[in-house]
Amino acid sequence: MEENKPFLVQTNHLSVGYTNRTSTNILFENLNLSLEKGKLVCFMGPNGIGKSTLIRTLSGLQSPLRGSVSGVSVKNISVVLTDRVEANLSVFEFVSFGRYPYLPWHIQLTDEDFATIKQCMEQVRISDLRDRKLYELSDGQIQMTAIARALAQSTPVLLLDEPTAHLDLNNRVEIMNLLRRLAHDSGKAILVSTHELDLALQTSDWIWLATRKKTILTGMPEDLVLEGAFDETFQFKGFDLKPGRSFTRQRKINRLSYRAKELPTSGRRMHWKEMVTPFSRDRKSTLKFYPKIIHGFFLKELRKL
Amino acid sequence: MVISLFLVDVSMGSVSIPFIDFIQIMLGKGTGVYHDIIWKFRMPKALTCALAGSALATGGLMMQTMFRNPLAGPDVLGLSSGSSLLVSILILANGTGIAIIQQFASHPWSVALAASLGASMVFMVIILIAQRVRDNTALLIIGLMIGAGTSSIVSVLQFTSQANDLQLFLIWTLGSVGSASWLEIQILSLVVFSGLAFSLVSIKPLNAFLLGDSYAKSIGVNVKRSRIIIVIGTSLLVGGVTAFCGPIAFVGLAVPHLVRLIVKTNNHKVLLFSVMAGGASLLLMCDIISQLPGSAKILPLNAVTSLVGAPVVIWLVIRQRKITRG
């Protein structure tokens, strides 16, 4: 990372986790991380390793066990959480909640607020849903609306917790591409937690990889792949490395590696190249790196057999 | 709607007043017995109705939103039962011969005082707990338990008390808006308006609570503080009304649902005022029914609110299958 770029969020020897009366459950220790302007960072790691907890801590919803986070404020960081919103609100009303930090008690929206909300809805292409109720939307549309709400908060930093969970391939790709566009075009610092390895590797500028040693590895996607860091983290989980699904004829491996709930609803039979190329930023690099990941992954699986 | 119901409520009662006289009196002209009946008896009653209705409904709305639970209502936090407990001690223990209580009970203001005290006692306990407990569901359950506990004490007191006192207490629990004097109305409106002020201040956090505590916090709402403000507001509204009118059932629970059916949004900037108007209208309507127009008899208000309200809520639930949350 370049030294002179401003860090919008920075952690200083941060430890996160939960405490209750009897014990302390530390999930990550001694983290020194930062988020940079204009970069899309994918935060990867298996389920239950503490991705959500770290995001909650970075956004100030939860206090750190030790250490500190700089830049925690509602006007600096907005979040998209996994919480379901079940209120009887229209899309416009929901997005307008993003303006709350700037509104007085009587929540009267100014023309400026209206303009911001309109612009945010256009950015995520949900303008036509303006007056629909939240409960009428599909899961993908709800995620888009939630992202629009976070954008309406006009913060330089955007944290998203599993925005692609439970969505089909089209929606996942759309969301990741949208986030990438937002980071590069509007210069936001965006952190996305996900366990979609394939999408993350292609869209992100930087990867945070949660390890089982309560630390987080960071680096360029390609570097981490070449270092074999992913294999190490995910090998115990039978991780869902989706491009590998093209090798469906190797039935045994298939059954071993994928749990049913992680299978997407579409695209199962596509060849991995077909799945990868439409959204890869650079066909060359994709073709260069994917065989390596997949090759390494399957060699390991084969050895286990 | 509120105003027309208000006028209808004033015009009706156990003594029938000719329409022309009624108009004259309302315009400030008439005198005599009718004038006295209207200004000393019916006006205060109708005013109390409107105040109590909007107060209870607003209290109910705030609780339903805060707990994100459609079944929350002023009874649920145990505030009403807290009032009942102290009033029952006051009225029922009169016969036990403890001098201090006897002296206290003979004072006309004592019931109101006891009810407010009871509500605020429970409310203080709730605030203490609210600071410890993280989620709203736990708080809701605790409120229910406090309510159950206090009502069981009330039952024990009822069981051991004398018939006369029991009747007094029962009349209080049936709810009444007719006994208020102008002075009492001044105090009641002071309490209610300060409670409503708390609710207005809470529009923003109330809306934010619709998204859940985490989102609320992430858009800059101080969750703990706003929760306390909402509890204070609700206690003022419910405690004040219970003190002067007795525990009026159903209004706090049902009005927000009925209003949501009409207004079709959860945005509290719209909802709050609609609920205030809705609560006032509903209680005025119940009061009109309780006077049995055309006859000289009067039904207890609480019975009417439940009789009118319960079927409406059941119909709602069946029609919508589930009540919209928050």
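A quick note: this is a predicted structure, and the numbers were derived from the prediction, not measured. (Residues numbered from 1 in each chain as written. Chains lettered and ligands numbered in written order. Predicted model: local features only at pLDDT ≥ 70, side-chain atom pairs only at ≥ 80, totals over all residues. Heavy atoms only, no water.)

> I'd like a rundown of the packing of aromatic side chains, residues and numbers included.
Residue and element names in this part refer to chain A. Using the criterion set out here, one finds four aromatic pairs over all chains in the structure. Relative to F43, the ring of F28 lies with its centre 6.3 Å away and its plane at 50 degrees, an arrangement referred to as tilted. Taken together, the residues span a long stretch of sequence, with F28 in strand β2 (residues 24–31) and F43 in strand β4 (residues 40–44) at a distance of 15 residues. Summarising the burial analysis for this pair, F28 and F43 share the class buried. Every member of this aromatic cluster is reached through a ring pair, and the members are F28, F43 and W208. Between R130 and the ring centre of F92, over which it is positioned, the NZ or CZ distance is 4.2 Å. (Phe/Tyr/Trp six-rings, centres within 6.5 Å; stacked < 30°, edge-to-face > 60°. Helix = DSSP H or I, 4+ residues; strand = E, 2+ residues; numbered from the N terminus. Buried < 20%, exposed > 50% of the residue type's maximum accessible area, 1.4 Å probe, protein only. Lys NZ or Arg CZ within 6 Å of the ring centre and 35° of its normal.)

> Describe the pairing of strand β8 (residues 189–194) of chain A, listing the residues and the values that go with them.
Residue and element names in this part refer to chain A. Burial analysis of β8 places six of its six residues in the buried class, which makes it a mostly covered element. Neither face of β8 is open: one carries A189, L191 and S193, the other I190, V192 and T194, and all of them are buried. With five bridges connecting them, β4 and β8 associate as parallel partners. In the sheet register, L40 faces β8, and the bridge partner there is I190. As defined by bridge partners, strand β7 (residues 157–161) adjoins β8 across five bridges and the pair is classed as parallel. If you follow L158 over to β8, its bridge partner there is I190. A crossover links β7 with its parallel partner β8, the connecting element being helix α5 (residues 169–186), and its sense is right-handed. (Pairing = 2+ DSSP bridges. Right-handed = clockwise from strand over helix to strand, strands pointing away.)

> Now, about the pattern of salt bridges: what can you tell me, with residues and values included?
Enumeration over the complete set of coordinates arrives at nine salt bridges over all chains. Put simply, E162 of chain A and K51 of chain A hold a salt bridge, and the shortest N to O gap is 3.7 Å. Here K51 of chain A lies in helix α1 (residues 51–58) and E162 of chain A lies in the loop between β7 and α5, a separation of 111 residues in the sequence. Residue classification places E162 of chain A among the buried residues on the basis of a relative accessible area of 12%. Judged by relative accessible area, which is 4%, K51 of chain A ranks as buried. Across the salt bridge formed by D287 of chain B and K45 of chain B, the nearest N and O atoms sit 3.5 Å from each other. With D287 of chain B in helix α14 (residues 268–290) and K45 of chain B in helix α3 (residues 32–67), the pair connects residues that are 242 residues apart, well separated along the chain. As far as burial versus exposure is concerned, D287 of chain B and K45 of chain B are alike and both buried. (Salt bridge = Lys/Arg side-chain N within 4 Å of Asp/Glu carboxyl O.)

> Break down the pairing of strand β9 (residues 206–210) of chain A for me, with residues and values.
Residues and elements named next belong to chain A. Of all the five residues making up β9, five are buried; the element is thus mostly covered by neighbouring parts of the structure. Of the two faces of β9, the one carrying W206, W208 and A210 and the one carrying I207 and L209 are both buried. Two elements, β4 and β9, share four bridges in a ladder whose sense is parallel. The residue of β9 that forms the bridge with F43 is W208. Here four bridges tie β9 to strand β10 (residues 216–219), and the two strands are oriented antiparallel to one another. Opposite I207, over in β10, you have G219 as the bridge partner. Between β9 and β10, which pair antiparallel one after the other, the connecting turn spans five residues, and K214 there sits at a positive phi close to 60 degrees.

> Report on the packing of helix α4 (residues 79–92) of chain B against helix α8 (residues 163–173) of chain B, specifying residues and quantitative values.
Residue and element names in this part refer to chain B. Look at α4 against α8: their axes get within 9 Å of each other, and the N-to-C directions meet at 150 degrees. Taken as axis vectors, α4 and α8 run roughly antiparallel relative to one another. Handedness of the crossing formed by α4 with α8: right-handed. Seen from α4, the contacting residues are S83, S84, V87, S88, I91 and L92; seen from α8, they are D165, L166, L168, F169 and W172. Taken together, the residues that form the contact of α4 with α8 break down as seven nonpolar, three polar and one charged. (Axes fitted to C-alpha atoms, helices over the stretch in contact; angles between N-to-C directions. Parallel < 35°, antiparallel > 145°, perpendicular 65-115°, else oblique. Left-handed = near helix turned anticlockwise from the far one by under 90°. Contact = heavy atoms within 4.5 Å. Nonpolar A, V, L, I, M, F, W, Y, C, P; charged D, E, K, R; others polar.)

> Now, about the packing of helix α2 (residues 19–26) of chain B against α3 of chain B: what can you tell me, with residues and values included?
Residue and element names in this part refer to chain B. In the contact formed by α2 and α3, the axes pass within 10 Å of each other and the chain directions differ by 65 degrees. The pairing of α2 with α3 is recorded here as roughly perpendicular in orientation. You can see that α2 and α3 cross each other, and the crossing is right-handed. Residues D21, F22, I25 and M26 of α2 pack against Y34, H35, I38, W39 and M43 of α3.

Everything listed is a geometric property; what it means functionally is a separate question.
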